[in-house]
Amino acid sequence: MTVEIALESIVRRHQDGLRRYLRLLGCDAATADDLAQEAFVSLLTGRFEERAPAATASWLRMKARWLWLDRRRRLVRRREVRYADAADRVWCEVAPDGDEQAYFEALDRCLAGLPPRSRRAIDLRYGEKRSRAEMAELLKLRENGVKTLLQRVRASLRRCIEERIRT
Amino acid sequence: MSTPDRSPEEGLRDRFLEIALEERLGDDPPADLTDRVEAAMARREAETYRTGAEPTADPARVVELPVVDPDGARRRRRPWWLAAAAAAVLLAWLAVPTPEEDPAPVEPAASKDITGLVVDDAGTPVQGARVLLELGWTGCDAGHFTWWKGVEQRQTVTGDDGRYEFADLPPDAAGVLWVAHAGLFGSVRGRGEMKIRLQKPGSLRGRVTAPKKSYFKGMKVWFRGPYGLTHAKIPTVALAKDGTFTMDGLPGGPGEVVVQYHNWAVARKAVEIQPRKTVNAGRIRISGHTPQGPDPLVDATEVKMVDGKGKPFPRVNMWWRSPWMDGGMNADGDGIIRMVGGGVAIGPPPFVLILNSTTVDNKPHYGTLLRIRGKTATVQVRPCIRVNGTVRRGREPVADFSVLLRTADRAPRVYGGQVRAGRFDVTVPPGEHTLFVILPSGEVEERKVEVKEGEDPQILDVDLNR
């Protein structure tokens, strides 16, 4: 019973962050799920002792990182290792205490402050998963215009989020 | 991606934002992995049971590399990350260029070493000293040394020149080194080249104070050595009748004295051990749950729960804490909670009554200790009041803030509120409180407020301009 509770609580607590980290490394959603599962199994079948959520999250990220490198072992080169190092640095920025909650809260507030046209573009791309061509038609822009608009909105969102997290 | 000189971090920041946006705005939330993990663990267990051996590794599993320890003994199991780091080095070395990438020359990644010199207190290199290494690694909380304790310990012996070396460590490996040699001790923390200076041990004395002297009998006192080293653990010592203690043979450097009374209370005090000297840690007070705290310590064996009119209050649930364990129970039909007997063997009093843990049908209540007669303590239980409201500055609503309410008692309690969509919500006992509104800028606003009994919920809007 105790083990089941620990399993459930550990998986529920860490799965979202671990999946995001794997997707940050470049995994698609299905691969991220597979590797996250492997990382949890490895953690829970080993000599695991939960000391602190942040330590568990760090352990899982290190494990996931290695699983990812292992899966790409035929392709892996030092560049990949450096890329994973960079991903770790970015992760530390977005989740300084091992928790991305602050990032998501800032994102929500920044999304709420977007001008209507920018918000519409973001909703079409990430909410409705429209292609660039479809967006161009709906927004009455050229495809290049859509690309530029999305780049600008993302840049402005990033600035806003970084500003909010800093303060 | 758009500019050639863009750093990988820039691209990754964009990628994280895209992941977050897809998650926030998409309509297909990611699935819960609990069942998958449980099923995978069951499969693994079944395979182990069927074959009597560890399941074979699938392509995504960790490869456990055989590692040879300093004594030459072949060791099958190593921590995952050591295998991971070694494999990463190997894989980097074996790297095959992918068709879509430039065939740049590939060099094997260099593994990092921890090396250095061990000298005695006169500065002479020490030959044949056993050097123990506990490895750790720094995670996101860079700057702090995050321990994954017990993950990896290695040892080696210094050579003729007093030098030691730990090779083939994971990249950026950092660790604590510990040497105990011929009555001298030394420790150092860091990475790369490190010199360890051995010193004579020191001693420590101190005195523990507690609400009752009888508590000294069950107390344990120990010393945690420099950097929390496993090797540097010092056996527990007992307290004298007057609460004093002494410890000898302690390694020099930072450490802490820990005093524990069963599972009840822990006190810690940082100390700096001086070689050849006796350091006085002074008084260490066990005061976690004493009569001075918000929760009363009672010698009673049962608690009678009564309502506002003094009538027995059945169905009240309350938690208490004893030196041996914590417990919680519903009052019986007569409003009595028996902390001793009743089939529950949790040891004799004293007990700490956790008065703000009282609930009735899962609704928060609060308790007040009315009296103790013989072995029966009487606690009056009343419902807490829900208070909610908004915070604004003039006409402008304030969106980001947090709220705390502190009772006006001599031993105050603090209640945290939830804030959603600019509205706070907190459940507190009635009476006078101090309301704290904390803004992201660090600004803290204080207001005296009165939560009236009987009105539930109560609205409390705060104007920061007033």
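Residues numbered from 1 in each chain as written. Chains lettered and ligands numbered in written order. Predicted model: local features only at pLDDT ≥ 70, side-chain atom pairs only at ≥ 80, totals over all residues. Heavy atoms only, no water.

Asker: Got a sec to walk through the sheet that holds strand β27 (residues 414-416) of chain B? Specific residues and values, please.
Answerer: What holds strands together in a sheet is hydrogen bonding between their backbones, with the strands either parallel or antiparallel. All names here are of chain B. The strand order across the open sheet built from 4 strands is β27-β26-β30-β31, with neighbouring strands paired in antiparallel fashion. The open sheet has two edge strands with one neighbour each: β27 and β31 (444-451). Across this sheet, the average inter-strand angle for adjacent strands is 25 degrees, counted without regard to direction. Sheet topology note: the strand β30 (residues 431-438)/β31 ladder contains 8 bridges and is antiparallel. (Pairing = 2+ DSSP bridges. Helix = DSSP H or I, 4+ residues; strand = E, 2+ residues; numbered from the N terminus. Axes fitted to C-alpha atoms, helices over the stretch in contact; angles between N-to-C directions.)

Asker: Describe the state of the cysteines, listing the residues and the values that go with them.
Answerer: Residues and elements named next belong to chain A. Tallied over the full model, the rule gives 1 disulfide over all chains. The disulfide partner of Cys-110 is Cys-160, and the S-S distance across this bridge is 2.0 Å. Taking the torsion about the S-S bond as the criterion, the Cys-110 to Cys-160 disulfide, at about -85 degrees, is left-handed. One end of the pair, Cys-110, is in helix α5 (residues 101-112); the other, Cys-160, is in helix α8 (residues 143-166), and 50 residues separate them in sequence. Looking at Cys-110, the relative accessible area reads 4%, which means it is buried. For Cys-160, a relative accessible area of 26% corresponds to the partly exposed category. (Disulfide = S-S within 2.5 Å. Buried < 20%, exposed > 50% of the residue type's maximum accessible area, 1.4 Å probe, protein only.)

Asker: So what's going on with the nonpolar core? Residues and values would help.
Answerer: With 61 residues, the main nonpolar core has Leu-22, Ile-122 and Leu-157 of chain A together with Leu-21 and Val-37 of chain B as its most contacted residues. Setting aside residues up to four positions removed in sequence, Ile-122 of chain A forms contacts with Leu-111, Leu-114, Gly-127, Leu-150, Val-153 and Leu-157 of chain A together with Leu-21 and Leu-25 of chain B. One finds Met-219, Tyr-261, Ile-284 and Val-352 of chain B within the second-largest nonpolar core, a separate group that totals 24 residues. (Core = buried A, V, L, I, M, F, W, Y, C linked by side-chain atoms within 4.5 Å. Contact = heavy atoms within 4.5 Å.)

Asker: Can you lay out the packing of α8 of chain A against helix α1 (residues 8-25) of chain B for me, pointing to particular residues and giving the numbers?
Answerer: Two elements in contact, α8 of chain A and α1 of chain B, have axes separated by 11 Å at closest approach and are oriented at 90 degrees. Here α8 of chain A is positioned roughly perpendicular relative to α1 of chain B, judged by the angle of their axes. Where α8 of chain A abuts α1 of chain B, its residues Arg-154, Leu-157, Arg-158, Ile-161 and Glu-162 of chain A lie against Glu-10, Arg-13, Asp-14, Leu-17, Glu-18 and Leu-21 of chain B. Residue composition of the contact of α8 of chain A with α1 of chain B, grouped by class: 4 nonpolar, no polar and 7 charged. (Parallel < 35°, antiparallel > 145°, perpendicular 65-115°, else oblique. Nonpolar A, V, L, I, M, F, W, Y, C, P; charged D, E, K, R; others polar.)

Note that every value here comes from positions in space, so none of it alone points to a role or purpose.
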